[in-house]
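Now for the letters of each chain:
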Amino acid sequence: MSDSAVTMVVTEPRGSLHAVAAGTVPPPAGWVRVSVVAIGVCNADIGTAAATGEDTAFPVTPGHEVAGVVTGTGDGVEGWVAGDRVAVGWFGGSCGHCAHCRSGDVVHCAERRIPGLSYPGGWAQNITVPADALARIPDGLDLFDAAPFGCAGVTAFNTIRKAGIRAGGRVAVFGIGGLGHLAVQFAAKLGYETVAIARGGDREHLVRELGAHHYVDSDAHAPGAVLKEFGGADLIVCTASATAPVDELLTGLRTHGQLTLVGVDAGSVTVPAARLVMNGHTLTGHLTGSPRETEEAMAFAVTTGVRPMIERMPLEKADDAVTRLRSGAPRFRIVLDTSGGE
């Protein structure tokens, strides 16, 4: 082993995150070593940090929204050199030879790897990842802004641009958090009439600054009914981690409208079949994006000004970050700073 780096680990189920000095080794063939500068904290990290899975191998290091700089490459790696600015997201590598991979749909590879679950994640000063997990960060995008694009950013971007809705159509975003506040920006910048839906009125001014044309307080009004009054939405992006609102939200779709789930809980969705058929509605789900799509999301952000609203915290306070995330306190994405800066 050579030099060591700070790594945040959990060593028992539901244990606290604590810092350890982990030794670093050269990356194996096909893998790349990245010096982490910034790392996002995602809702999915709450489950990873809880470390309660039956097959969990300790210690666990969460983190899958990495932005940093390449410091070393293993044998056989081409196209990446030390000094490259890179991002790593929820997609952390794939087999490369299955039908999904060969058709470019790498995120649905049955052997897809996920940082923090398949190998130690990015809540550390260094991470080693398969080379095919890397996305190149464009000039003009700060590393702290780039970090959330590996998960929240590419997910929001792909959900909207791949929906195939009409130019100038109406897009509603349900849930204005780390993912939703980016979806509002992408929808507005892509030219759609954008409706933001959240609980309470405290976010209205902010989401209008982000580009929303309308705001619906879901505590005061049934959002599906309000959307119906608007004439219906072509697309509803449901980013909240709750399935209970889906039935009512579906009433807010116009004919041939689509509702896409990107935030889910352990619940189920019950849909009246007749209404679905008679209105030609589509209910679907969306899962993250490939490194190439992450690059496209970041490039779009550079040219249009889309940026995450972030709250920086030192890497060593990762446990506090998880606690804040559980409470819904962040506005809107916590990004850990590996230098220890506030």
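To be clear, the structure that these remarks concern was listed above.
Residues numbered from 1 in each chain as written. Predicted model: local features only at pLDDT ≥ 70, side-chain atom pairs only at ≥ 80, totals over all residues. Heavy atoms only, no water.

Draft legend 1. Here's a closer look at the state of the cysteines. Tallied over the entire structure, the rule returns zero disulfides. You can see Cys42 has no disulfide; the closest cysteine sulfur is in Cys151, sitting 4.0 Å from it. Between Cys98, a cysteine without a disulfide, and Cys101, which holds the nearest cysteine sulfur, the sulfur-to-sulfur distance is 3.6 Å. (Disulfide = S-S within 2.5 Å.)

Draft legend 2. Focus on the pattern of salt bridges. Within the structure shown, the criterion is met by 15 salt bridges. For Arg208, the salt bridge is made with Glu204, and the minimal N-O distance between the two is 3.2 Å. Of this pair, Arg208 and Glu204 both sit in helix α6 (residues 204–209), four residues apart, roughly one helical turn. Of the residues examined, Arg208 reaches a relative accessible area of 38% and is grouped as partly exposed. One salt-bridge network, in which partners are shared between bridges, spans Arg161, Arg292, Glu295 and Glu296. (Salt bridge = Lys/Arg side-chain N within 4 Å of Asp/Glu carboxyl O. Helix = DSSP H or I, 4+ residues; strand = E, 2+ residues; numbered from the N terminus. Buried < 20%, exposed > 50% of the residue type's maximum accessible area, 1.4 Å probe, protein only.)

Draft legend 3. Structural context of the sheet that holds strand β9 (residues 193–198). Taking strand neighbours across the sheet as the criterion, the six strands line up as β10-β9-β8-β11-β12-β13 in an open arrangement whose pairing is parallel. Across the chains shown, the open sheet's two edge strands, defined by having one partner strand only, are β10 (214–217) and β13 (282–285). Looking at each pair of strands side by side, their axes are set apart by 20° on average, direction ignored. Bridge count for strand β8 (residues 170–174) against β9 is five bridges, and the pairing is parallel. Considered in β9, the bridge of Arg170 is made with Glu193. (Pairing = 2+ DSSP bridges. Axes fitted to C-alpha atoms, helices over the stretch in contact; angles between N-to-C directions.)

Draft legend 4. Here's a closer look at the nonpolar core. Membership of the largest hydrophobic core comes to 44 residues, with the highest contact counts inside it found for Ile137, Ile160, Val171, Ile176, Phe186 and Met298. Residue assignment for this core shows that the elements contributing at least two residues are α3 (143–146), α4 (152–161), β8, α5 (180–189), β9, α6, β11 (233–238) and α10 (291–304). Counting residues per element, this core draws most heavily on α5, which supplies five residues. Non-local contacts of Met298, meaning those with residues more than four positions away in its chain, are made with Ala87, Ala135, Arg136, Ile137, Pro138, Leu141, Ala146 and Phe149. Counting residues in each nonpolar core, the second largest holds 33 residues, with Ile46, Ala51, Val66 and Val88 among its members. (Core = buried A, V, L, I, M, F, W, Y, C linked by side-chain atoms within 4.5 Å. Contact = heavy atoms within 4.5 Å.)

Draft legend 5. Structural view of the packing of aromatic side chains. Inspection of every chain in the model, using the stated rule, returns five aromatic pairs. The interplanar angle of 35° and the centroid separation of 5.2 Å between the aromatic rings of Phe157 and Phe300 together place this pair among those described as tilted. Linking Phe157 in helix α4 with Phe300 in helix α10, this pair joins segments that are 143 residues apart in sequence. Of the two residues, Phe157 and Phe300, both sit in the buried class. Note on Phe186 and Phe300: the rings are 5.9 Å apart at their centroids and 45° apart in plane angle, and the pair reads as tilted. Of this pair, Phe186 sits in helix α5 while Phe300 sits in helix α10, and the two are 114 residues apart along the sequence. One aromatic cluster in this structure is built from Phe149, Phe157, Phe186 and Phe300. (Phe/Tyr/Trp six-rings, centres within 6.5 Å; stacked < 30°, edge-to-face > 60°.)

Draft legend 6. Structural detail: the environment of Val154. Relative to the assigned elements, Val154 resides in helix α4. Sequence separation of Val154 and Ala183 is 29 residues, and the distance between their C-alpha atoms is 9.7 Å.

Draft legend 7. Inspection of the pairing of strand β12 (residues 253–261) at higher detail. Across five bridges, the pairing between β11 and β12 is parallel. Note on β12: the bridge partner recorded for Val237 is Thr260. Taken together, the four bridges between β12 and β13 define a ladder with parallel strand orientation. Considered in β13, the bridge of Leu259 is made with Leu283.

Draft legend 8. Just α4, in detail. Buried residues dominate α4, accounting for nine of its ten residues. What α4 keeps buried is the set Ala152, Gly153, Val154, Thr155, Ala156, Phe157, Asn158, Thr159 and Ile160. Against α5, β11, β12, α10 and β15 (333–337) lie the buried residues of α4.

Draft legend 9. Region of interest: the side chain of His181. Relative to the helices and strands, His181 resides in helix α5. Judged by its relative accessible area of 0%, His181 falls in the buried class. Here Met309 takes part through its backbone nitrogen, which lies 2.9 Å from a polar atom of the side chain of His181. The residues contacting His181, other than those within four sequence positions of it, are Ile176, Leu210, Arg307, Pro308, Met309 and Phe332. (Polar contact = N/O pair within 3.5 Å; in protein donor to acceptor, adjacent residues only side chain to side chain.)

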